[in-house]
Amino acid sequence: MATALAVLAVGCTGGEGTASSGAGSGASTVDGDLPEAAASIMDDPQYDSSRWLYYVADAATGEELLSNRPDEVVFTASLAKEFTVGTVYDTLGPDTTLETPVYSTGPVIDGVVDGDVVLVASGDLAMGGRNGIEGRFDNTFSADTVDHIAASLAPNATTVGDPLAGLDALAEQVAARGVTRVDGDVVIDTSLFEPFDPGAGPVTPIHVNDNLLDLEVTAGDEGEPATVTMTPQTSHFTVVSEVEVVAVGGENAVQVVPSPEDPSQLTVVGTVPAGTSRLTVHPVGDAAGWARTLFVEALRRAGVDVAAPVVAQNDEADLPALAEYPPDRELASLTSPTLATLGSMVLDISYNPGANTFLCLLAVEAGSTNCLDGLDTVYATLDRAGMDTDEIYLADGAGTDPASASSRQMAIWARWAAEQPWGEQFVAGLPSLGETGSLAFYGVDGPSAGKVRAKTGTSTAGNPSTLRLYFKVQSVSGYLTLEDGRTAVFALSMSGATFPDVYDGLIASGRDVADVAAAFQQGLK
């Protein structure tokens, strides 16, 4: 579980930051009675170089219950995802779904498409995977496991659902229309918005298996090579195992090395203990090409012959504009889960590509293909929430540094969001202490379990000389169910601490900030 904790803590990193004086340095002015359990954590010598900023208020009345330096601006890291997801609910509607259609560019004559088959990407984060075909969007973060998006760092990652469920459903619809052969090509139309990579990972309107290749490494006897199985099974990549099986209790660490000459040729290297298995992942560089290959393979499984090669460049050069696809040429369509379902996972596991895809959808709704134009809608929403937007800095939809806000402004947002027609869905989608998402590991079976529902955020930097881990911020913001039954809104951050070890530092800081939030929940009256 320790590795799982560490993985969750690195949801958003990058940028520059500076430390300032800590809570015990004399620069703090605490308003309200700080619970003793919270004070004992903040006063730990580990945090002598840190500052603790927080603001807690009654959600119903707005009465301030507790604060310390609440108007100082600090990195938000992934807390900023709250703004993006809430704005999508407010602008597009939480119950809205996305449609991913498939068209033919030519007529279907005697079962043969005289032209290309085109899948028009819509920004659907599920594409039927993660049980999206059933209207869900599941993840595997729990007290004992992490989701496959963290598999490159954690040996306890797992998957959920069939990643090809959506493409298979589309292919079966095409076949059901009487199509037996495609004489042209298969193309993924990604023109919904322009390519966007703000530093939290490339953003695209097509998502199949989170644009990750899952690689399950299984060890046999010590000294024998481990086997590697890829999911989904596809000819888009070839995989060779050079993973060594070591003695029980030995190092469990693997990595994927693409060939410099051909990035589709992958070698998995490292060591795994005898009798164990672990999941790792390889990020797909060309999401459209990946989706094209998988869709060609799905069509062939459905009995539709495709003249074009299975693996080929995704050629969008001659596609019509999005509004110019003839309705009578539609062969199939896939409906996404609701935006609230998708957004809940973005919040629950701090899913960077999902948050930035949501930002792009806001830009598209505003008539732009430039994803950063979605920030205009976000800022307009923050303004309506009564926030001082001069104190808010956003660089994208995921909270990439130097996204910043004060704890008071975060609490103002939380109070406003909960009061909106979509507020119940928004609050329900946040991680829950000891139960779900990025708070599942902390406070399990404790008195505050299920009573702290909040988004987490982390931004760190490593010292290349000393290898110490510097915390630009470790934060949490959302809602507390107090012992007297009231709901409080809060924002809490720690910045400036350093730790000698990356994993231990991530574990300790995440635990301590969560424990302070739990102390607020238990101790505030």
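In case you missed it, the structure is sitting above this.
Residues numbered from 1 in each chain as written. Predicted model: local features only at pLDDT ≥ 70, side-chain atom pairs only at ≥ 80, totals over all residues. Heavy atoms only, no water.

Participant: Any chance you could explain the overall build of the protein chain here in plain terms?
Facilitator: Helix and strand content of the protein chain: 11 helices and 25 strands. Against the globule reference of 24 Å for 525 residues, the protein chain gives a C-alpha radius of gyration of 24 Å, in line with a compact fold. Principal-axis analysis of the C-alpha atoms gives the protein chain an extent of 80 × 60 × 40 Å. Here the protein chain, with 525 residues, has 55% of them falling under the buried criterion. (Helix = DSSP H or I, 4+ residues; strand = E, 2+ residues; numbered from the N terminus. Rg over C-alpha atoms; globule rule 2.2 N^0.38 Å. Buried < 20%, exposed > 50% of the residue type's maximum accessible area, 1.4 Å probe, protein only.)

Participant: Just to check I follow, could you spell out the nonpolar core for this structure?
Facilitator: Buried together is how nonpolar side chains tend to be arranged in soluble globular proteins. Judged by nonpolar contacts, the single largest core of 101 residues is most densely connected at Trp52, Phe83, Trp413, Leu492 and Phe520. For this core, the element with the highest residue contribution is helix 11 (residues 502–523), accounting for nine residues. Counting residues in hydrophobic clusters, the runner-up holds 48 residues, among them Leu170, Leu215, Ala274 and Val296. (Core = buried A, V, L, I, M, F, W, Y, C linked by side-chain atoms within 4.5 Å.)

Participant: For this particular structure, what's the right way to read helix 7 (residues 352–365)?
Facilitator: One turn of the α-helix equals 3.6 residues, which is why residues spaced by three or four share an orientation. In this model helix 7 runs 20 Å from its N-terminal to its C-terminal C-alpha over 14 residues, within 8% of the 20 Å that 1.5 Å per residue would give. Within helix 7, the full set of buried residues consists of Asn352, Gly354, Ala355, Asn356, Thr357, Phe358, Leu359, Cys360, Leu361, Leu362 and Ala363. Once helix 7 finishes, Gly367 follows within two positions and takes phi at roughly 95°, a positive value. (Expected span 1.5 Å × (residues − 1).)

Participant: How should a nonpolar patch on the surface be read in this particular structure?
Facilitator: Together, Leu153, Val502 and Tyr503 make up an exposed nonpolar region whose accessible area comes to about 230 Å². Take Leu153: its relative accessible area is 37%, and that puts it in the partly exposed class. (Patch = residues over 30% accessible without salt bridge, like charges linked within 9 Å, V, L, I, M, F, W, Y side chains within 5 Å. Areas by Shrake-Rupley, 256 points an atom, 1.4 Å probe, with all protein chains shown as cover. Salt bridge = Lys/Arg side-chain N within 4 Å of Asp/Glu carboxyl O.)

Participant: What exactly am I supposed to notice about the sheet that holds strand 18 (residues 277–283) here?
Facilitator: One key point about sheets: their strands pair by backbone hydrogen bonds, in either a parallel or an antiparallel sense. Overall, antiparallel pairing links the three strands, which are arranged 14-13-18 in an open sheet. Every interior strand has two partners, whereas the edge strands, strand 14 (227–231) and strand 18, have only one. The average undirected angle you get between the axes of adjacent strands in this sheet is 25°. Inspection of the sheet shows strand 13 (residues 212–218) paired to strand 14 by five bridges, in the antiparallel sense. When the bridges of strand 14 are listed, Asp214 appears paired with Thr231. (Pairing = 2+ DSSP bridges. Axes fitted to C-alpha atoms, helices over the stretch in contact; angles between N-to-C directions.)

Participant: Is there a simple way to explain the sheet that holds strand 15 (residues 238–246) in this structure?
Facilitator: Here three strands make up an open sheet; going across it, the order is 15-17-16 and the pairing mixed. Edge positions in the sheet fall to strand 15 and strand 16 (253–258), since each has one partner strand and no second. Mean inter-strand twist for the sheet, computed between neighbouring axes without regard to direction, equals 15°. Judged from the six bridges that link them, strand 16 and strand 17 (residues 265–273) form a sheet pairing that is antiparallel. Bridge pairing in strand 17 links Val256 to Val268.

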